[in-house]
Amino acid sequence: DPQQIELTAASKRKLRRFIVIDEVVDKLYGSKVREYFEENNVQHKILALPTTEETKSMDLVLNILHEVQSFSLDRRTEPIIAIGGGVCLDIVGLAASLYRRRTPYIRVPTTLLSYVDASVGAKNGVNFLQCKNKLGGYTPPVASFLDRSFIQSIPRRHISNGLGEILKMALMKHKGLFDLLKSHGKYLLDTKFQSCNGLADHGDAALLTTRIAIETMLEELAPNLWEDDLDRLVDFGHLISPELEMRVLPSLMHGEAVNVDMAFMTYVAHARGLLGAEEKEQILQCMRGLELPVWHSGCSWALIQRALRERLKHSGGQPRMPLPTGLGVAEIFNDTSEETLERAYELWVRD
């Protein structure tokens, strides 16, 4: 906004910014971030924190809020900036929503998972009593800044982890995206989602894949941002995985736990006659090609039953189970019998 730039330039008050950055990201990019603010004459405070599933708690939120208070942040003109993966963005979002009832914040995702998932939508939260995101709220950021160059410094497993959430959107809503992942999955892992020139066979697969994933996510979330409607296709992969992920920490990352859930639900869809054997196999092959786990020993039948009981408590007494009915198409079902689930589980274990 040119008018805003003019007012800022005319103002005698120095620009100020409070930044929370994941400590690993700080080691890689912290000097560039500091240089940027110094060159632009912005008074700043950078708080580097360990943001992992194990530290994702109210203690860390309160730690941030103590520092925000010391910085004397003006909540109208000084948004908090979060630079990191999904956990960092979640924690900072909750802290911002609590400070002075609501302080604006900006998300800068640095992992593939946060780039296509946490950057979109309004939710934030922390873990509580060993339950995933039990405390939180709905406060969207004022902006998300997306830069894929961050992704080149993350380990291959983290890129595979992000591909789990992209595959979720492909299976639920977009066969074209599924085909992209099937054809270019290994290439995307090898090139770490960077746009490489001179590889005509792949076009700009990284840009195309992330753009479609984000657009389909927005399409699904925008009309139901506050989750008033509990029938949500984006819940695919999130029925069993919250229980599994917290139970086996830190052995599974979020996208990996989601993929184990999706693999089981693919068997459920097959057991119900929604997917043919060939489609089921195509999905599992694609998962393996993206180097995602299709099974975890921690996902016992008892855990599945417990997770589905928990699901009923929070979804109006209905399972609201999103299942693929083909490649890139899905519906929500409330009538999957215990017998079908058990049969699907036995087939899954056998395979």
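About the thresholds
- Residues numbered from 1 in each chain as written.
- Predicted model: local features only at pLDDT ≥ 70, side-chain atom pairs only at ≥ 80, totals over all residues.
- Heavy atoms only, no water.
- UniProt positions renumbered as here; feature names shortened; annotations may be inferred.
- Buried < 20%, exposed > 50% of the residue type's maximum accessible area, 1.4 Å probe, protein only.
- Helix = DSSP H or I, 4+ residues; strand = E, 2+ residues; numbered from the N terminus.
- Pairing = 2+ DSSP bridges.
- Contact = heavy atoms within 4.5 Å.
- Axes fitted to C-alpha atoms, helices over the stretch in contact; angles between N-to-C directions.
- Domains from an automatic or database assignment.
- Buried area = accessible area lost by both parts, 1.4 Å probe.
- Salt bridge = Lys/Arg side-chain N within 4 Å of Asp/Glu carboxyl O.
- Polar contact = N/O pair within 3.5 Å; in protein donor to acceptor, adjacent residues only side chain to side chain.

With an unreviewed UniProt entry as reference, the protein is termed ARO1 protein, source organism Pardalotus punctatus. Looking at the Cofactor (unreviewed entry) heading of the UniProt record, one finds this comment for the protein: "NAD(+)".

Draft legend 1. Representation of the pairing of strand 1 (residues 16–22) in the model. With respect to burial, strand 1 is a largely interior element, 7 of its 7 residues being buried. Across the two faces of strand 1 the burial is the same, with Arg-16, Phe-18, Val-20 and Asp-22 and Arg-17, Ile-19 and Ile-21 all buried. Across 7 bridges, the pairing between strand 1 and strand 2 (residues 43–49) is parallel. What sits directly across from Ile-21, in strand 2, is Ala-48.

Draft legend 2. Representation of the environment of Asn-63 in the model. Mapped onto the secondary structure, Asn-63 falls in helix 3 (residues 58–71). The class for Asn-63 is partly exposed, based on a relative accessible area of 30%. The spatial distance from the C-alpha of Asn-63 to the C-alpha of Gly-255 is 27 Å, given a sequence separation of 192 residues.

Draft legend 3. Main features of the sheet that holds strand 7 (residues 143–144). Read across the open sheet, the 5 strands follow the order 2-1-3-4-7; overall the sheet is parallel. Each end of this open sheet is capped by a strand with a single partner; those strands are strand 2 and strand 7. Docked against the sheet, helix 2 (residues 23–39) engages strand 1, strand 2 and strand 3 (80–84), running at close to 160° with respect to strand 1. Contacting strand 1, strand 2 and strand 3, helix 3 runs over the sheet at an angle of about 165° to strand 2.

Draft legend 4. The domain arrangement of the protein, seen in detail. Domain boundaries assigned for the protein yield domain 1 (2–152) and domain 2 (155–224 + 232–350). One C-alpha centre belongs to domain 1, the other to domain 2; they are set 28 Å apart. At the junction of the two partners, domain 1 supplies 20 residues and domain 2 supplies 28 residues. Around 2,000 Å² of area is buried between domain 1 and domain 2 when both sides are counted, 67% of it from carbon and sulfur atoms. Across the contact surface, domain 1 and domain 2 share 2 salt bridges. Lys-132 is paired through a salt bridge with Glu-245; the nearest N and O atoms lie 3.3 Å apart. Where domain 1 meets domain 2, there are 4 residue pairs in polar contact (both at pLDDT 80 or more). Going through the elements one at a time, helix 5 (112–118), strand 5 (123–128) and strand 6 (131–138) are the ones with two or more residues in the side of domain 1 that touches domain 2. Take the side of domain 1 that touches domain 2: its biggest share by element is 5 residues, from helix 5.

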